[in-house]
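# Architecture at a glance
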Amino acid sequence: MKKILALTSLLLTFAGSAFAASDLATHVPSDSGAAIYGGSTSTIAQNATNPVVKLSTGVKAIVNFDTAQPITYSLTTKHSKGSKIFGTANDSTAIYWFPKPAGDLVVGDVGAQSDNAAYTGGGWTTY
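The structure displayed is predicted, hence computed values, not measured ones.

Below, the discussion takes up the pairing of strand β7 (residues 96–99). The pairing of strand β6 (residues 84–89) with β7 spans 4 bridges and is antiparallel. Paired with K84 across the bridge in β7 is P99. Summarising the sheet, β7 and strand β8 (residues 125–126) pair through 2 bridges and their orientation is antiparallel. When the sheet's bridge partners are listed, W97 is paired in β8 with T125.

In structure tokens:
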């Protein structure tokens, strides 16, 4: 949980950044342990050498962002051995969670919206 909160805090700090990585596209689950790079433009983010965040081994993420306006995003994470999915968005101060048995994070686990609407309905709870 502490790692998820730290990841969320770091991403909220860089809310004005564009996200890019070879294995990170909007509404596509990342690889386990993926790195997330940031920059003021997509080109800068793609050429960045130091990640803004690196996910722990076993943790996958789905970041939904509007490619025309990358300052809006929702971020969902899950550890393959964990029993909860966690998420937040740039327009929310809440951390949302949803119970799910151990296993990978998949596209159907979260809505495609790039704001907190990704976590409305379907049993999501807030801390």
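Still more to cover.
Counted according to the given criterion, the structure contains 2 salt bridges. Its salt-bridge partner being K60, residue D104 comes within 3.4 Å of it at the nearest N-O pair. Remark: K60 occurs in strand β4 (residues 59–66) and D104 occurs in the loop between β7 and β8; sequence separation between them is 44 residues. The residue D109 makes a salt bridge to K100 at a minimum N-O spacing of 2.7 Å. Of the two residues, D109 and K100, neither departs from the other in class, the shared state being buried.

So, how was this worked out
- Residues numbered from 1 in each chain as written.
- Predicted model: local features only at pLDDT ≥ 70, side-chain atom pairs only at ≥ 80, totals over all residues.
- Heavy atoms only, no water.
- Pairing = 2+ DSSP bridges.
- Helix = DSSP H or I, 4+ residues; strand = E, 2+ residues; numbered from the N terminus.
- Salt bridge = Lys/Arg side-chain N within 4 Å of Asp/Glu carboxyl O.
- Buried < 20%, exposed > 50% of the residue type's maximum accessible area, 1.4 Å probe, protein only.

Don't take any of this as a statement about function, it's just geometry.
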